[in-house]
Amino acid sequence: MGSGRVLHVCEHIFNLVVAVLLLGAALFAGYSLWDNEQVYAAASGVRDSLLSLRPQEGADAGPSFDELRKINADVVGWIVLDGTKIDYPVVQGTDELEYLNKDVYGDYSLAGSIFLSTQCSSDFMDAYSLIYGHHMAESMMFGDLDRYLDADFFSKNSSGRLITPDAAYGLEVFAVLTVTSSDEAIFSPTSWKKDCSGAVAAVAGRAAHIREDVAEKIESSPGEERIVALTTCSSEGTQARTVVLARLVPQGDQDA
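Residues numbered from 1 in each chain as written. Predicted model: local features only at pLDDT ≥ 70, side-chain atom pairs only at ≥ 80, totals over all residues. Heavy atoms only, no water.

Q: Whenever I open this one, unusual backbone geometry confuses me. Can you help?
A: Most peptide bonds take the trans configuration, and most residues that are not glycine carry a negative phi. Despite not being glycine, glutamate 138 shows a phi value in the positive range, around 60°. Relative to the assigned elements, glutamate 138 resides in the loop between strand S4 (128–132) and helix H3 (151–156). With a relative accessible area of 58%, glutamate 138 lands in the exposed category. Positive phi, normally seen in glycine, also occurs at methionine 141, with a value near 50°. (Helix = DSSP H or I, 4+ residues; strand = E, 2+ residues; numbered from the N terminus. Buried < 20%, exposed > 50% of the residue type's maximum accessible area, 1.4 Å probe, protein only.)

Q: What's the story with the nonpolar core in this structure? I'm lost.
A: Inside soluble globular proteins, nonpolar side chains tend to come together where they are buried. Tyr128, Ile131 and Phe174 are the most contacted members of the largest nonpolar core, which has 66 residues in total. When residues of this core are assigned to their parent elements, the largest contribution, eight residues, is made by strand S6 (residues 168–180). Leaving out residues up to four positions away in the same chain, phenylalanine 174 has contacts with Phe154, Val200, His209, Ile210, Arg211, Val214, Ala215, Ile218, Ile227, Leu245, Ala246 and Arg247. (Core = buried A, V, L, I, M, F, W, Y, C linked by side-chain atoms within 4.5 Å. Contact = heavy atoms within 4.5 Å.)

Q: Explanation requested: helix H5 (residues 197–204) in the structure shown.
A: Restricting attention to buried positions, one finds in H5 the residues Ser197, Ala199, Val200 and Val203. Along the axis of H5, the buried residues cluster in a sector spanning 160°; they form a single face. Looking at the packing, one finds that the buried side of H5 touches S4, S6, helix H4 (184–187), helix H6 (212–219), strand S8 (227–233) and strand S9 (240–250). (Arc of directions from axis to C-beta.)

Q: So what exactly am I meant to see when it comes to the packing of aromatic side chains here?
A: One pair of aromatic rings is described through two measures. These are the centre distance and the angle between the planes. Here the structure, examined in full by the defined rule, presents three aromatic pairs. With 5.2 Å between their ring centres and 20° between their planes, phenylalanine 115 and tyrosine 132 make a pair best called stacked. Remark: tyrosine 132 occurs in strand S4 and phenylalanine 115 occurs in strand S3 (residues 114–116); sequence separation between them is 17 residues. Summarising the aromatic geometry, the rings of tyrosine 148 and phenylalanine 153 are spaced 5.0 Å apart at their centres and angled 80° between planes, so their arrangement reads as edge-to-face. For the pair tyrosine 148 and phenylalanine 153, one class covers both residues: buried. Site record: aromatic cluster; members linked through ring pairs are Phe115, Tyr132 and Phe187. The ring of tyrosine 99 is capped by lysine 102, whose NZ or CZ atom sits 4.7 Å from the centre of that ring. (Phe/Tyr/Trp six-rings, centres within 6.5 Å; stacked < 30°, edge-to-face > 60°. Lys NZ or Arg CZ within 6 Å of the ring centre and 35° of its normal.)

Q: Where do I start with the layout of surface pockets in this structure?
A: Looking at the largest pocket, its volume works out to about 300 Å³. For the lining of the largest pocket, the element with the highest residue contribution is S8, accounting for three residues. In the lining of the largest pocket, the residues fall into six nonpolar, five polar and two charged. (1 Å grid on protein atoms, 1.4 Å probe; cavity = no way out; pocket = protein on both sides within 12 Å on 5 of 7 lines; lining within 4 Å. Points joined across faces, edges and corners; volume = space filled by probe spheres on them. Nonpolar A, V, L, I, M, F, W, Y, C, P; charged D, E, K, R; others polar.)

Q: I'm lost on the pairing of S8 in this one. Help?
A: Sheet faces and side chains relate simply in a regular strand, where the side chains alternate between the two faces. Burial of S8 is extensive: six of the seven residues sit out of reach of the surface. Relative to S9, S8 is paired through seven bridges, and the arrangement is antiparallel. If you follow isoleucine 227 over to S9, its bridge partner there is arginine 247. (Pairing = 2+ DSSP bridges.)

Q: Can you help me understand the environment of serine 235 in this one?
A: Relative to the helices and strands, serine 235 is located in the loop between S8 and S9. Taking the C-alpha atoms as reference, serine 235 lies 9.1 Å from histidine 135; in sequence the two are 100 residues apart.

Q: Got a minute to help me understand the pattern of salt bridges in this structure?
A: Where charged atoms from two side chains of opposite charge come close, those side chains can pair. With the rule as written, the count across this model stands at eight salt bridges. We note a salt bridge from aspartate 126 to lysine 193, for which the minimum N-O separation is 2.8 Å. Of this pair, aspartate 126 sits in the loop between S3 and S4 while lysine 193 sits in the loop between H4 and H5, and the two are 67 residues apart along the sequence. On the accessibility criterion, lysine 193 (31% relative accessible area) is partly exposed. Notably, a salt bridge pairs lysine 156 with aspartate 152, separated by 3.3 Å at the nearest N-O pair. Here lysine 156 pairs with aspartate 152, and both are found in helix H3, just four residues apart, close to one helical turn. For aspartate 152, a relative accessible area of 43% gives the class partly exposed. (Salt bridge = Lys/Arg side-chain N within 4 Å of Asp/Glu carboxyl O.)

Shown next, in the form of structure tokens:
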């Protein structure tokens, strides 16, 4: 076989290998896109099915926690942030990993659930409560927390609600910041069980945006105020977390 013929055969084999590799890459990309769409479709389906079970404030106003807890006894609350699509039940598992990849129905889900840290009291009576949720596109789960980093959005959106089996609260968003996953002021809720003023003081100087009047009210009333910290992954790095802090306002005291 001449050298030219050998060269031609080698080129043919090379082109065939490249074609196979390109086809494999295309098939993998297509599968990844389909798989990603399935994850979001599943998360959206779970959310939509649960919205009809959102407990209402006030007697006989609509679905009760009893109905929601027939689905999952681990449900401890329902959280809503106005101006976002955050409108979910809050669960609390036996450890911090249980609901990382499990939905409210108890099924495996990459979207997981919105869940309260096991270090916190399930009735939200601690001065500081920490709630986790995955950061997802299309405003799913806690994907909208990033919106508070925008100054205009933060200035126009500060309200929300937290409903528990025993009480209903207004939420007054007062700070947003980006921290590392090891930040003790945020991720050590047992440090602030009785007094959250120290947590507020610890993050005030680092906040991307803050409502100083609310922060000062909390700091000047040690042991009297309660806050929730909502946290999710950040695009700034694998160890970065976006955190939104909100003050709990008992129903009927929204002007307090």
